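# Survey of secondary and tertiary structure
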Amino acid sequence: MRPGTSLTTSAFYILLSLSNQDRHGYEILKDVMLSSAGRVMMGPGILYTTLKRLLEAGLIVEVEGHADADRDDSRRRYYRLTHQGRSALASELERMEQALKVARTRRLHSAR
Amino acid sequence: MTFPVSSLERVYGLILLAYPRTFRDQYEREMRLVFRELLRDPKVGRIQLVGIMLRDLAHGLARPERLPSRALVVRSSMYGLIIIAFSLAAQGLHPGAYIGVSVTPVPFIAFTAAGFWGARRTDTFTGGMWTCLIIGLVSSTTVLWDKLLFGIFPFYDAWSFLLGLLMAAGFCIVPGIIGSIAGAAASRDRATRV
């Protein structure tokens, strides 16, 4: 994943899911379903290949267990967003916001 | 805590074989765990689950490293075009020889060599099979060129042409596999020697 390139849908939603807390695979899947209003439904195959890609790009890291001891499941690997991942997510959101602004303006124009 | 192993879980285990061994060594346990939880989730319906499985299968099979490089596609297509040129030249010089040539062991030898070359070049069995497929697809258009240039179409209709193509593909797949296995093995041998 080169700097400046846009994220894939699955990578974007995974980063978004990790933006507020560390999560394990299944938690990420559930959160992606929730935040995309059920539009993005990943299977474990797509989830873990994307996680591997994000790990290699340094956008996330694997962490030992969960910070919240009650939620910690030792069978799981937990993932955390890195500083680089946070900036990638922020620039992707900025790009989307910009596109949305343009789309809204054009819709206003065509409505006239 | 133990989980019941359903038939869908067993099928999913087979789907995981589409992923590379190194990847499975790293993530298979987690992937199975996540799939098991999806199975137990009342909000995820069986049809949705089958959709997930099919998408994961397609994702595993269509990994970028499995697709042929542009260079391999170009080179293989060029070999296919050379085969067409030879066939057309043979047809032009010795009309009627086409049928005789196509059923001789020439394709068998050619596709063994093609598989071997592709596998050696990419260091993978898949590379050899891609080479055979591309050469086969390009060279199979010879029949259409024959029709255009010489008015020859050795089939009754489109269906018998399709059947002929399938038979030819069946005939070429075995030498392709043999060549690809040999090429991949030779690459491994070369790698261990280095």
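Scroll up for the structure.
This write-up is about the structure you can find in this document. Nothing here was measured: the structure is a model prediction, and the numbers come from that model.

### Digging into the overall build of chain B
Counting its secondary structure elements, chain B contains 9 helices and 0 strands. Start at the N end of chain B and walk to the C end: the helices and strands fall as α-α-α-α-α-α-α-α-α. Counting across all 194 residues of chain B, residues that qualify as buried make up 34%. Restricting the contact set of chain B to residue pairs at least 6 apart, pairs at least 24 apart contribute 73%. About 11,900 Å² of surface is accessible on chain B, with carbon and sulfur atoms providing 72% of the total.

### So, the overall build of chain A
Tallying secondary structure elements over chain A gives 4 helices and 3 strands in all. Helices and strands appear in chain A in the N-to-C order α-β-α-α-β-β-α. Among the 112 residues that make up chain A, the fraction classed as buried is 45%. Of the contacts made within chain A by residues no fewer than 6 positions apart, 56% connect residues no fewer than 24 positions apart.

### Considerations on the packing of helix H1 (residues 7-15) of chain B against helix H2 (residues 21-40) of chain B
Residues and elements named next belong to chain B. Between H1 and H2, the least distance of the axes is 11 Å, while the angle of their chain directions is 150 degrees. Taken together, H1 and H2 sit at an angle that is classed as roughly antiparallel. Handedness of the crossing formed by H1 with H2: right-handed. On the side of H1, the interface is formed by Leu 8, Glu 9, Tyr 12 and Gly 13, while H2 contributes Met 31, Arg 32, Phe 35, Arg 36 and Leu 39. The class makeup of the residues in the contact of H1 with H2 is 5 nonpolar, 1 polar and 3 charged.

### Digging into the interface of chain A and chain B
In this assembly, 19 residues from chain A lie in contact with 21 residues from chain B. Together, the buried faces of chain A and chain B total about 2,000 Å²; carbon and sulfur atoms form 60% of this surface. Run the count over chain A and chain B and you get 2 salt bridges. Across the pair A:Arg76 and B:Glu37 runs a salt bridge whose closest N-O atoms are separated by 2.5 Å. Between chain A and chain B we count 12 residue pairs in polar contact (both at pLDDT 80 or more) in total. Of all the secondary-structure elements, those providing two or more residues to the side of chain A that touches chain B are helix H2 (25-35) and helix H3 (44-56) of chain A. Broken down by element, the residue count for the side of chain A that touches chain B peaks at 7 residues, all from H3(A). Looking at the side of chain A that touches chain B residue by residue, the class counts come to 10 nonpolar, 4 polar and 5 charged.

### Things to note about the sheet that holds strand E3 (residues 78-81) of chain A
Residue and element names in this part refer to chain A. With antiparallel pairing, 3 strands are arranged side by side in an open sheet as E1-E3-E2. Two strands in the sheet have a free side with no partner beyond their single neighbour: strand E1 (23-24) and strand E2 (60-63). Relative to E3, E2 runs antiparallel, the two sharing 4 bridges. Bridge pairing in E3 places Glu 62 opposite Tyr 79. Each of E1, E2 and E3 is contacted by helix H1 (residues 9-18), which is oriented at about 90 degrees to E3, the strand it contacts most.

### Quick look at the packing of aromatic side chains
Residues and elements named next belong to chain A. Taken as a whole and judged by the stated rule, the model has 6 aromatic pairs over all chains. Ring geometry for Phe 12 versus Tyr 13: centroids 5.2 Å apart, planes at 75 degrees, classification edge-to-face. The class for Tyr 13 is buried, based on a relative accessible area of 17%.

### Examining the side chain of A:Thr49
Inspection of the secondary structure puts A:Thr49 in helix H3. Within the structure, A:Thr49 has its side chain in polar contact with the backbone oxygen of A:Gly45 (distance 2.8 Å). When residues no more than four places from it in sequence are discounted, the contact partners of A:Thr49 are B:Tyr19, B:Phe23 and B:His59.

Scoring rules and cut-offs
Residues numbered from 1 in each chain as written. Chains lettered and ligands numbered in written order. Predicted model: local features only at pLDDT ≥ 70, side-chain atom pairs only at ≥ 80, totals over all residues. Heavy atoms only, no water. Helix = DSSP H or I, 4+ residues; strand = E, 2+ residues; numbered from the N terminus. Buried < 20%, exposed > 50% of the residue type's maximum accessible area, 1.4 Å probe, protein only. Contact = heavy atoms within 4.5 Å. Areas by Shrake-Rupley, 256 points an atom, 1.4 Å probe, with all protein chains shown as cover. Axes fitted to C-alpha atoms, helices over the stretch in contact; angles between N-to-C directions. Parallel < 35°, antiparallel > 145°, perpendicular 65-115°, else oblique. Left-handed = near helix turned anticlockwise from the far one by under 90°. Nonpolar A, V, L, I, M, F, W, Y, C, P; charged D, E, K, R; others polar. Buried area = accessible area lost by both parts, 1.4 Å probe. Salt bridge = Lys/Arg side-chain N within 4 Å of Asp/Glu carboxyl O. Polar contact = N/O pair within 3.5 Å; in protein donor to acceptor, adjacent residues only side chain to side chain. Pairing = 2+ DSSP bridges. Phe/Tyr/Trp six-rings, centres within 6.5 Å; stacked < 30°, edge-to-face > 60°.

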